Amino acid sequence: MTFGLRLFMIVVQLQLCLAFVTSNLRETSSVSSASGTAPIMLAKMHSTDVGILDGLGIQEQSRGIPKAETGVISLLEKYPGADGRGVKIAILDTGCDLAAAGLTTTSDGKPKYLDFIDCTGDGNVDMNKTVEIDDDSCHVVGLSGRNLTLGDWATNVKELRLGAVRLFHLLPGSVERRLGTERKEEFMVKHQHLIAETQLSLDTLRDRVIGTDKNSTSKKEVKKLELMLEQLQDIAESYEDSGPLMDVVMFNDGESWRAVVDLEANGDLSESIPMAPFGYERQIGTLAFGSAVTFCVQVYEDGKVLSIVTDAGSHGTHVAGIATANFAGVDEEGGKANNKAHLNGVAPGAQVLACKIGDGRLGSAETGTGLVRALIAAKKYGCDLINLSYGEPSWQPDSGRVSQTFSDAVYKWGMTVFTSAGNDGPALSSLGSPGALSAPITVGAYVSPDMMVDQYSTLPPEEQAPLEGASYYFSSRGPTPDGMLPDICAPGGAIAPIPRHALQGKAQYHGTSMSSPNACGVAACILSALKQEGIEKCGPVELKRGIINSAIAVDIVEPFSQGAGLISAVRAVDYITSHHGKHGQSLAIDVSIPSRNKARGIYIRDELELEGPMTFGVLVQPRFDHAMKRTPQEIDELLSLELNLELKPSESWVSCPDRMTLLSAKERNGQTFSVRLQTNDLPPGAHFAKVDAIDPSDPGRGAIFQIPITVIIPHSRFVDIDSPSFILNDDERVVLMPNGIDLSTTYKLTQGEPTRRFITVPPTAEWATIKLRSASSNQLDTSPHHVLMHAIPFVRGDLPNTMIQLKKAFQVKEGVEEVYHVRVKGGASLEVCLQLMWLANPSPTSVEADIEFHSLNIRAPTLASSQPVVIAAASEFARLGASAPLRSEKLNPTASLKYVERTLRPENYDIKSGSVELDILPPSDAEIQATKDNQSGEDMSPDGKQIYDMRLRYQFKIEGDEAIAVTPVIPSLFHQIYDSPVDSQLWVLEDSNSQILGYGSSMHMSKQVSLKKGDYTVTLLIRHPNRNLLEQMKAIPCQISLGLSSELACNVYSQLDKASTPAVTNDGRSPLEAMYLRKGSHQDIYVSRPIDDLPSWVAPGDILTGSLTLDKDNVDTTSMKLVYVAPPKAKPKESGDDDKSDDDEELMDDAVFQAKLDFMAKIRSKDNDDYTKYAATLKEEKPSSIPLLLELLAFAQKAPLPPSQTNENKWRAQEVEKVLDAMQKANGGPIDDAVLAQYFGLNMPDEDELKENKEMKKLTKNMEEQRKALRAALFARASVCGDIAVDDTSSVDTFDESVKELKKWVGEPSDLADDNGKVKLAITLARHAMLCQDKKATAISLLLKARKEHPDGYKEFTSELTRAYASVEGMDHLIHNSNDQIYSRFPVADQGV
């Protein structure tokens, strides 16, 4: 490589790093579904030689996937072949590309993938529809309506199952966006060609008209082409693409189910290859249309469900590549062994079970369904290890159904789970779930000096100063609110394979998502080495203990992110082999602090706690898993437990008893001892200690159990009015400002190490203002430094940090001050953490921070309060009081309402058993072992536990002419997944045509969906193994949030009389304006209900929500939720009813006759003979009854075709004609066309005249009824004549005459009463323009306009448009696009939940 190219690549990498710093990290305040992995695409992978390992085929160690840091290279040198062989790893992620480079075979030649399972169900295809086929048949009609051509594979097939799925439903989001762009470009090329051809024809015709040919026919042709050109432009501007619909057929060949997918969506399956479930023949396919997405299939429920399994993103393939990629092997050309072993993942010999838990319907977010099913599958396939590089905020770690299933997977099913800590650091207590759970091994992200150089091209901090290994700044930190830390750390960046659909072979990602699979791969190598040592079984407790007790502290030690330190392969193997089989070595031990809500550690966070008791009782409980009926071996295990342990604190400020004897202690439910903390002499900052329980006879075993202890000593505790300044070191100090409230502090920031300040918040403070600026006198020390500021104001057991924290990345600039605001809680410790982001410039810098506290003394005392400001339905206002206890504060209030929240109860529900293949929780290993030990000879195979699905259906209407933005949510279960009381929560929103409009889950707020007038259904899926629990949740409410088209302002007053009379507007009143509250002063605030009328669709009991902001210039920290309960609607003034007839007998006759008509309507679709007889009787009774004639017209249009008839359209035309004849006055009917025309040709009387003249009103009503009936009959005739003319050109003249007659009485669609009639009228007029007038452009224009105005007729209009497009050359692309839209809006297969 030339010097110039190498320099260019380094510059590119630096630019990419800087781009990540300045843009991507703006997003790091929320942990993404896949632990917030941040990709940086590099031009070339760099590697560093570390010497030749003889006999291993490894000539250089790639820095792409770090292995030297964890000792894997040394392990392979000591144990050749200990590369994960014989180990099975379940990768719970977005799924994997089965054809990605390096992920096809293991190092010992086995298939890399055991199987690929979609645990989310997002690729499920309903295959309940069956058809029988003849031996000679080679065609079948698919669900799409296409005539499917079958191949030779169907020769002996007697029955096919049919399904269909949209291509876009199967694609990862990135591929769907790419394909959408590519398809649009292809569409526009064809469309622009059509526009150009039309323009050319128009130009030619115009020249002819301007020249010699000036006849009217040519001018008409010009107008036609102009109109066509206009329509083509409109079509281009309104382009949308839902992707093609693919038919699926499936059959059973006697050995397995096989599926055939119409990948090209053209109906030709003759060359398609039937695919069996992946585990059967390892078949994979590739979705078409340039997607490059590989897929396999699975079949469930005896062929009723086909799962088309694709990945939901590149994350899972990258993770699998880090853990297990194998590039070594035999080249295709020449059959010679290659030398690519240096590109391998950590454990190239391990096999992978790919479990897709990232649901494509939710943007690849995980669901409880996916997680639980994946754990079940991992056990079913005999996996040793599990990697989960996902994470979410959690309220209470180690609680909830999903958390319990993870605990069962480890302690009952014998699998070791590795999981990422999360990417929400660097502040303390930023650890989410599942990283906060006890059962998994939680892995933080470490970066070594070599990684800094090789993956990020990082410069050294200063001349001669080396880079130091450290945690990545984003790696989430402990302790959890109950005191737990991550367990270990591992390299958190890698250049690894990604799916082919990303159109590149590898990518550089970093995150704890990368550190977890690295550690998991190391564990696979450890297990391989242990097998060579004769240890075939190393359970999850023993493995975790060995990894933690052998970890190595890194250069910059910070236990809050690194736990015990960097995982070490060689040391772990040595540790486990040395202590395997020792008493208690594989025994899990739970440690808790009962007085602190069973906390797993001691975490003293707030200053007030330092004043309280510092002695804590510790409960120690050995965890024994046993069968339902204890076996003799299990009883012996309980009786034999006796471990004499020494208790050793790591720091002098921690005291505890010298020793304890650990017994099973079943009768006392555990054993206790006390720990005392002496914190008075501790300096400010975060302090960590631990109490280790050591076997004194074998201290090399390390801790048998451990108690983590974290104590925060606030910096603000060391300053007061008398001593306002406290020096931390030569470069840093804390200063109390003269007001005795605010503080100023300096930070010296160095590479790899976060700098923290802890400040006790004044009791009444509500928010803090943080001002940051450079403290370096040397300008060279100022730029270009990028700093991450992370502030966490409060740590509570049930409040995720993501709901209250502030995280901002900024660039240190000379003379520029950055100002941020964060909400705080009085008395709590606010952490303001700054960390230098070393990707581009790790040289030290200094920052000065001023922290000011503010309050209007108006909020509830909790940070995440559920107590809004409420204006009750019967109230006109809400009252509050603001004051300024700390300083003068600005008060500049505004209030408005933005949403309407409507609560729904389920219309119905059903409970069913989950999938037999996927949804049965396996029995514990202890139960299985007990069964094996049973000597009775009976079949005692233990049963698993069935998971049940409950589906609840909520219905609601959207009213009004404007579309409304809607978001469904289940509030009682929202923001919960790992700690949710149910296994899963997933909902789907559908319209009345079953078109899916959106999906949502328990964790992430879904996007708003714009809904037009109509009926809608939300179907909610909840899962749990306890059916009775689901039964008790059958009435759980759903909340629909409806966005207002414009905010409703609520005036804020300082006077009660103004607020209590908000409807009064003409008395010179004015709302409360901007003002300053002097320190100690008070101001009453009154928020009135909205002045403007509520939208007509708002119903009584609806809740309108918005916000009250106390300072418009500081919205984030001074806003409060505002609620207004919609009152009953005001009753409109009633007008006198003068329509009542004075003839009661006449009213009775009309009611009886109408009942007879209602009966006729009921039997209309059942029996033609009975209907005809009944109609004849009523004709004799009232031959001129317009309601009767309209019922007969409905019969002509909707009744089933009589068996004696063969041509439906002609029969209907005849029946309509009979009704028209019966309407005529000359035939004894009520309508005289001439009289009717004459009447409506006159000036019609106005409403006042009609009120005064009842006879005239009666006449007008009668005439309007006659006209309505005549219009309906003429329209019915024209419509059915149009149906006939479409297929029979000889009937075009009859159609033409019927439309001309119709146009005499129907001038526009509004002349017809019902929407269905308006739809049919538009189609009839379009057909007339196309068939009778040869005006194709007019027909297209009519249909496009009508489709916009009458969305309920979308399917009919679009179907008619495809007919019109087919009549014009060059419009095939429009036909395909239109069909795709119909398939999307009117699904032929169920894609719900």
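Residue numbers here run from 1 along each chain, matching the order of that chain's written sequence. Local features in this predicted model are restricted to residues of pLDDT 70 or higher, and side-chain atom pairs are both shown and tallied only at a pLDDT of 80 or more, whereas totals for entire chains, interfaces and linings draw on every residue. Water and hydrogen atoms play no part in the side-chain values, which are based on all heavy atoms of the structure.

Caption draft 1: Layout of helix α14 (residues 569–579). Think of it in three bands: residues with accessible area under 20% of the maximum for their type are buried, residues over 50% are exposed, and the middle band is partly exposed, with areas taken using a 1.4 Å probe on protein chains only. Labels follow the DSSP assignment, with helices taken as runs of H or I lasting at least four residues and strands as runs of E lasting at least two, numbered in each case from the N terminus. The complete set of buried residues in α14 reads Ala569, Ala572, Val573, Tyr575, Ile576 and His579. For α14, the arc enclosing every buried residue in end-on projection is 165°, short of the 170-degree limit, so these residues lie on one face. Here a residue-residue contact requires only that any non-hydrogen atoms of the pair lie within 4.5 Å. On its buried face, α14 is in contact with α2 (72–78), α11 (512–532) and α12 (540–549). In the segment just after α14, Gly581 is the residue with positive phi, at about 85°. The arc refers to the directions leading from the helix axis to the C-beta atoms.

Caption draft 2: Examining the packing of helix α30 (residues 1336–1349) against helix α31 (residues 1354–1366) more closely. α31 packs onto α30 with a crossing angle of 160° between their chain directions and a minimal axis gap of 10 Å. Comparing their axes, α31 and α30 come out roughly antiparallel. For α30 against α31, the interelement crossing comes out left-handed. Contacts between α30 and α31 involve Ile1340, Leu1343, Leu1344, Ala1346 and Arg1347 on the former and, on the latter, Tyr1354, Phe1357, Thr1358, Glu1360, Leu1361, Ala1364 and Tyr1365. Looking at the contact of α30 with α31 residue by residue, the class counts come to 9 nonpolar, 1 polar and 2 charged. Helix axes are fitted only over the stretch in contact, all axes being lines through C-alpha atoms; the angle between N-to-C directions runs from 0 to 180 degrees. Throughout, the term roughly parallel applies to angles under 35 degrees, roughly antiparallel to angles over 145, roughly perpendicular to angles from 65 to 115, and oblique to all others. Note on convention: the crossing is left-handed when the near helix lies turned anticlockwise from the far helix by less than a right angle, right-handed when the turn is clockwise. Asp, Glu, Lys and Arg are counted as charged, while Ala, Val, Leu, Ile, Met, Phe, Trp, Tyr, Cys and Pro are counted as nonpolar; the rest, among them Gly, fall into the polar class.

Caption draft 3: Quick look at the side chain of Ser1378. If you trace the backbone, Ser1378 turns up in helix α32 (residues 1372–1385). Classification of Ser1378 by relative accessible area gives buried; the value is 6%.

Caption draft 4: Layout of the pattern of salt bridges. Salt bridge, as applied in this entry: a Lys or Arg side-chain nitrogen positioned within 4 Å of an Asp or Glu carboxyl oxygen. On inspection of all chains with the given rule, the structure shows 68 salt bridges. In this structure, the salt-bridge partner of Arg600 is Asp482, at a minimum N-O distance of 2.7 Å. One end of the pair, Arg600, is in the loop between β24 (588–592) and β25 (602–604); the other, Asp482, is in the loop between β20 (470–471) and β21 (488–491), and 118 residues separate them in sequence. We note that Arg600, like Asp482, is buried. Between Arg1327 and Asp1283 there is a salt bridge, and its shortest N-O distance comes to 2.5 Å. Of the two residues, Arg1327 sits in helix α29 (residues 1315–1332) while Asp1283 sits in helix α27 (residues 1254–1287), which places them 44 residues apart along the sequence. Look at the salt bridges and you will find they share partners, linking Arg373, Asp919, Asp949, Arg951 and Arg1023 into a network.

Caption draft 5: Structural view of the sheet that holds strand β52 (residues 984–991). Should DSSP find at least two bridges between two strands, the strands are taken to pair. Strands sit in the order β47-β50-β55-β52-β53 across an open sheet of 5 strands; the sheet is antiparallel. On the outer flanks of this sheet lie β47 (908–913) and β53 (996–1001), each paired with one strand and no other. Pairwise comparison of adjacent strand axes, ignoring direction, gives a mean angle of 20° for this sheet. As paired strands, strand β50 (residues 948–958) and strand β55 (residues 1014–1024) are joined by 11 bridges and run antiparallel to one another. When the bridges of β55 are listed, Arg951 appears paired with Leu1021.

Caption draft 6: Structural context of unusual backbone geometry. Going from Gly425 to Pro426, the amide bond is cis rather than trans, its omega being 10°. Position of Pro426 relative to the elements: it lies in the loop between β18 (416–420) and β19 (441–447). With phi around 60°, Arg282 is a residue other than glycine that occupies positive phi space. Position of Arg282 among the secondary structure elements: in the loop between α6 (278–281) and β11 (285–286). A relative accessible area of 33% means that Arg282 is categorised as partly exposed. The phi torsion at Ser994 lies on the positive side, around 70°, for a residue other than glycine. Inspection of the secondary structure assignment puts Ser994 in the loop between β52 and β53.

Caption draft 7: Expanded view of the sheet that holds strand β42 (residues 845–854). Judged by pairing direction, the sheet is antiparallel, and its 6 strands sit side by side in the order β33-β34-β35-β42-β37-β40 without closing on themselves. Each edge of the open sheet is held by one strand with a lone partner, namely β33 (725–727) and β40 (818–823). Across the sheet, the mean angle separating the axes of adjacent strands is 20° when strand polarity is ignored. Where strand β37 (residues 767–774) meets β42, 8 bridges bridge the pair, whose relative direction is antiparallel.

Caption draft 8: How the structure looks around the pairing of strand β32 (residues 703–713). For β32, a buried count of 10 out of 11 residues is recorded, marking the element as mostly surrounded by other parts of the structure. Bridge count between β25 and β32: 3 bridges; the pairing is parallel. Within β32, the position partnered with Ile604 by the bridge is Val711. As paired strands, strand β31 (residues 685–694) and β32 are joined by 10 bridges and run antiparallel to one another. The residue of β32 that forms the bridge with Asp692 is Gln706.

Caption draft 9: Spatial organisation of a positive patch on the surface. Taken together, the side chains of Lys219, Lys220, Lys223, Lys1303 and Lys1335 present a region of like positive charge at the surface. The element contributing the most residues to the positive patch is helix α5 (residues 216–237), with 3 residues. By the element assignment, Lys1303 lies in helix α28 (residues 1292–1305). For Lys1303, a relative accessible area of 44% translates into the label partly exposed. Patches in this entry comprise residues that are over 30% relatively accessible and not in a salt bridge; like charges within 9 Å are linked, as are nonpolar side chains (Val, Leu, Ile, Met, Phe, Trp, Tyr) within 5 Å. Note that accessible areas follow from Shrake-Rupley with a 1.4 Å probe, and for residues the cover is restricted to the protein chains shown. The positive count covers Lys and Arg only, the negative count covers Asp and Glu only, and His and the chain ends enter neither. A charge is said to be at NZ when it belongs to Lys, at CZ for Arg, at CG for Asp and at CD for Glu.

Caption draft 10: Fine view of a negative patch on the surface. On the surface, a cluster of negative charge is contributed by Glu132, Asp134, Asp136 and Glu159. Looking at where Asp136 falls in the secondary structure, it is placed in the loop between β5 (129–132) and β6 (139–141).

Caption draft 11: View of the packing of α11 against α14. Where α11 contacts α14, the axes come no closer than 9 Å and their chain directions differ by 45°. Considering the angle they form, α11 stands oblique to α14. Where α11 crosses over α14, the handedness of that crossing is right-handed. When α11 is examined against α14, the residues Val522, Ile526, Ala529 and Leu530 are found in contact with a partner set consisting of Ala569, Ala572, Val573, Ile576 and Thr577. Residues belonging to the contact of α11 with α14 are distributed by class as follows: 8 nonpolar, 1 polar and no charged.

Caption draft 12: Spatial organisation of the environment of Cys489. Tracing the backbone through its elements, the reader meets Cys489 in strand β21. The class of Cys489 is buried, set by a relative accessible area of 0%. Along the primary structure Cys489 and Ser420 are separated by 69 residues, whereas in three dimensions their C-alpha atoms are 9.4 Å apart. In contact with Cys489, other than residues within four places in its own chain, are Val443, Gly444, Tyr446, Val554, Gln562, Gly565, Leu566 and Ile567.

Caption draft 13: Seen up close, the nonpolar core. In this description, a nonpolar core means a group of buried Ala, Val, Leu, Ile, Met, Phe, Trp, Tyr and Cys residues linked to one another through side-chain atoms lying within 4.5 Å. Grouped together as the largest cluster of nonpolar side chains are 62 residues, with contacts concentrated most on Tyr113, Leu385, Phe418, Ile526, Leu543 and Ile547. A per-element tally of this core places α11 first, with 11 residues. When residues no more than four places from it in sequence are discounted, the contact partners of Ile547 are Phe418, Ile441, Ile488, Ala523, Ile526, Ile567 and Ala572. Listed in part, the 56 residues of the second largest apolar core include Ile858, Leu891, Leu904 and Cys1038.

Caption draft 14: Up close: helix α23 (residues 1186–1198). One less than the residue count of a helix, multiplied by 1.5 Å, gives the span that helix is expected to have. Taking 1.5 Å of rise per residue, 13 residues should cover 18 Å, and α23 covers 18 Å from first to last C-alpha, within 8% of that figure. For α23, the full list of buried residues reads Ile1186, Leu1188, Leu1189, Glu1191, Leu1192, Leu1193, Ala1194, Phe1195 and Ala1196. Side-chain atoms alone can form a polar contact between residues adjacent in sequence; in general such a contact is a pair of N or O atoms within 3.5 Å, and within protein one must be able to donate a hydrogen while the other accepts it. The backbone nitrogen of Leu1188 lies 3.2 Å from a side-chain oxygen of the residue at the head of α23, namely Ser1185.

Keep in mind that these numbers describe shape and distance, not what the molecule does.
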